[in-house]
Every structure is written in C-alpha cells, then in structure tokens.
Amino acid sequence: MSRPERNRPAVAPERSFHLDKRNGKLFGVCSGIADYFGINATWVRIGFVAGTLIGFGSLILVYLAIALIAD
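Predicted model, so just to flag it, every value in this text is computed and none were measured.

Rules and cut-offs
- Residues numbered from 1 in each chain as written.
- Predicted model: local features only at pLDDT ≥ 70, side-chain atom pairs only at ≥ 80, totals over all residues.
- Heavy atoms only, no water.
- Helix = DSSP H or I, 4+ residues; strand = E, 2+ residues; numbered from the N terminus.
- Polar contact = N/O pair within 3.5 Å; in protein donor to acceptor, adjacent residues only side chain to side chain.
- Contact = heavy atoms within 4.5 Å.
- Core = buried A, V, L, I, M, F, W, Y, C linked by side-chain atoms within 4.5 Å.
- Buried < 20%, exposed > 50% of the residue type's maximum accessible area, 1.4 Å probe, protein only.
- Axes fitted to C-alpha atoms, helices over the stretch in contact; angles between N-to-C directions.
- Parallel < 35°, antiparallel > 145°, perpendicular 65-115°, else oblique.
- Nonpolar A, V, L, I, M, F, W, Y, C, P; charged D, E, K, R; others polar.

Q: I'd love a proper account of the side chain of aspartate 20, names of residues and values included.
A: One can find aspartate 20 in the segment before helix H1 (29-37). A distance of 3.0 Å separates the side chain of aspartate 20 from the side chain of serine 31, its partner in a polar contact. Beyond its immediate chain neighbours, meaning those up to four positions away, aspartate 20 contacts Gly28, Ser31 and Gly32.

Here's what the structure looks like:
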C-alpha cells in the first residue's frame, strides 16, 4: 500500500537570481551576481577578469552562458 501524499504548500524562494541590466555594464551578469550575494559589483567584475586571465578565457563562456540563460 502506498502512503498518502502530504499536501505541502509551495515555498517561494527568498531571493532569486536576475540580471541587473540597469546597473550592469555589458549584460548585467556581474551586477546580478553581486546583488544576489549582497556584495559590491566591482569585486565580482575583478573576479571575472582575474578568472578569465588565469583560466585562459574559459570564464568568458560561463559569462555568456549566464547572460543567455538568465532572465
């Protein structure tokens, strides 16, 4: 015999990721990430530039994927 399913209300997430095109420079990805984590967008931008230089450009693909998938 199967157990009856409990009717649980759907819980909305407290926060969600979105591109911040108003405060963003290119697509708003770094600004959206900064807004999501509550930090300054300049630090996220510096992190993306450093990661791109260290990773031989691989973060450019991640950045473009986020820009195309989000919002």
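Read on, since the account is not over.
Q: Residue-level account of the nonpolar core, with values.
A: Leu19, Val29, Cys30, Ile33, Ala34, Ala41, Val44, Phe48, Tyr63, Ala67 and Ala70 form the largest nonpolar core, which has 11 residues in total. Counting only elements with at least two residues in this core, the list comes to H1, helix H2 (41-54) and helix H3 (58-69). With four residues, H1 is the single largest residue contributor to this core. What valine 44 contacts, discounting residues up to four positions off in sequence, is Cys30, Ile33, Ala34 and Ile39.

Q: Account for the packing of H2 against H3, naming residues and giving values.
A: When two helices pack together, you describe them by how their axes are tilted relative to each other and by the distance separating the axes. At a minimum axis separation of 6 Å, H2 and H3 run at an interaxial angle of 135°. In terms of orientation, H2 and H3 fall into the oblique class. For the pair H2 and H3, contact is made by Gly47, Phe48, Gly51 and Thr52 and by Leu59, Ile60 and Tyr63, respectively. Looking at the contact of H2 with H3 residue by residue, the class counts come to four nonpolar, three polar and no charged.

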